[in-house]
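Spelled out, the chains give:
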Amino acid sequence: MKGRPLVILAIVLAVFVAPLVADAQQPAKVPRIGMLLTFSPQHPETPAALDAFRQGLRDVGYVEGKNIVIEYRSAEGRVERFPELAAELVRLKVDLIVAHNTPAARGAKQATTTIPIVAGAMHDPVNDGLVASLARPGGNVTGLTFLGPELVAKRLQLLKEAVPGVSRVAALWHPGAHGERTMQDMVKEAEVAAQALGVRLQLVGAGDPNDLDGAFSAMTRGRADAIIVFPSPMFYGERRRIVGLAAKHRLPASYGFREAADLGGFMAYGASIPDLLRRATTYVDKILKGAKPADLPVEQPTKFELVINLKTAKALALTIPQSVLVRADEVIK
């Protein structure tokens, strides 16, 4: 009789403690995120941004394959494929979608209104209809912008200062790369700046990589003596080829991403795309820990780099004024 209370106590403890032990032994749920890329991870121009993103994940405590899983989907340069690729990720029931850029974010938003979306490098998220406002996104999309339309005029101005004799500038643009209003704003900014600078602007479109050779032939026929490259995910991925075509046609070009200058482009001015992707991981971390995209303000860049490739300038027999060189963050010799 004396032992019965002890037996009952043991049974009670077993009933209550066993589930706790079982729960303690359950492995923590590994988050699974989807990532929409313009080009595949194996594409020559993808690793820099992807490495920066992975480093950002490590900085906030995630290691791919250990405590986070990433499902990659690539449009292979065809941004119209993003909606179907995003739909695949939705069917996989990922916890979050990381969109490399504006077209990817637009495709993801078409596919889901509930799964959080973090966009790494948006052009104009408000005009593109991705967020209600920068301060209060209001939906399932947030992330970073690199001020696409706002810097077009600045790049044209810098190009004119670097090559004062320029009179005809070809603007290489990717129709449909962004929302209609954003594209209109970029064109308007360029046209207003061109008029103020006294240069004639020639708009030359390239809808996919196969159009690039024809676009540069059109520039030659239009007697362009310089180029400004509008922001586009496809152009970013094809930057090596575009730089090569500009060199072949002996045209100084102004880009929105420094990687082009690193590859031999004449000059570049803008925010760092890899840095934006790295910083996007702070949004990923916050959302996986319970924050809502609607409450996370869209971040704008605070640092812009002016990079000038002096080696390319010399190859084009151009002498860049000292007043421009001293303002460069980096001069590639």
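J.: So what about helix α9 (residues 239-248)? Which residues, and what values?
T.: Those residues of α9 that sit buried are Arg239, Ile242, Val243, Leu245 and Ala246. Along the long axis of α9, the arc covered by the buried residues comes to 160 degrees, so they all point the same way. Turned more than 90 degrees off the buried face of α9, the exposed positions are Ala247 and Lys248. Buried-residue contacts for α9 involve β6 (168-173), α7 (212-221), β8 (226-229), α8 (233-237), β9 (253-255) and α10 (258-262). Positioned one or two residues after α9, Arg250 has a phi angle of 55 degrees, which is positive.

J.: Please set out the sheet that holds strand β7 (residues 200-205) residue by residue, giving values where relevant.
T.: Here seven strands make up an open sheet; going across it, the order is β7-β6-β8-β9-β10-β11-β12 and the pairing mixed. This sheet does not close on itself; its edge strands, each paired only once, are β7 and β12 (330-332). With strand direction ignored, the average angle separating the axes of adjacent strands in the sheet is 20 degrees. The pairing of β8 with β9 spans two bridges and is classified as parallel. Within the sheet, the bridge partner assigned to Ile227 lies in β9 and is Ala253. Packing of helix α5 (residues 152-162) onto the sheet brings it into contact with β6, β8, β9, β10 (267-270) and β11 (305-309), and relative to β10 it is tilted by some 150 degrees. Where α7 meets the sheet, its contacts fall on β6, β7 and β8, and the angle it forms with β7 comes to roughly 160 degrees.

J.: Quick one: what's the story with the pairing of strand β5 (residues 141-145), residue by residue and with numbers?
T.: Where a strand is regular, its side chains alternate between the two sheet faces. For β5, a buried count of five out of five residues is recorded, marking the element as mostly surrounded by other parts of the structure. Bridge analysis of strand β4 (residues 117-122) against β5 gives four bridges, and the strand direction is parallel. Looking across to β5, one finds that Val118 is bridged to Thr142.

J.: Which residues make up the pattern of salt bridges, and what are the values?
T.: Under the counting rule described, the total for this entry stands at 18 salt bridges. One salt bridge connects Glu299 with Arg279, and the closest N-O pair in it is separated by 2.3 Å. Of this pair, Glu299 sits in the loop between α11 (273-288) and β11 while Arg279 is found in helix α11, placing the two residues 20 residues apart along the sequence. Here Lys289 ties to Asp285 by a salt bridge, and the two come within 3.3 Å at their closest N and O atoms.

Cut-offs and rules
- Residues numbered from 1 in each chain as written.
- Predicted model: local features only at pLDDT ≥ 70, side-chain atom pairs only at ≥ 80, totals over all residues.
- Heavy atoms only, no water.
- Buried < 20%, exposed > 50% of the residue type's maximum accessible area, 1.4 Å probe, protein only.
- Helix = DSSP H or I, 4+ residues; strand = E, 2+ residues; numbered from the N terminus.
- Arc of directions from axis to C-beta.
- Contact = heavy atoms within 4.5 Å.
- Pairing = 2+ DSSP bridges.
- Axes fitted to C-alpha atoms, helices over the stretch in contact; angles between N-to-C directions.
- Salt bridge = Lys/Arg side-chain N within 4 Å of Asp/Glu carboxyl O.

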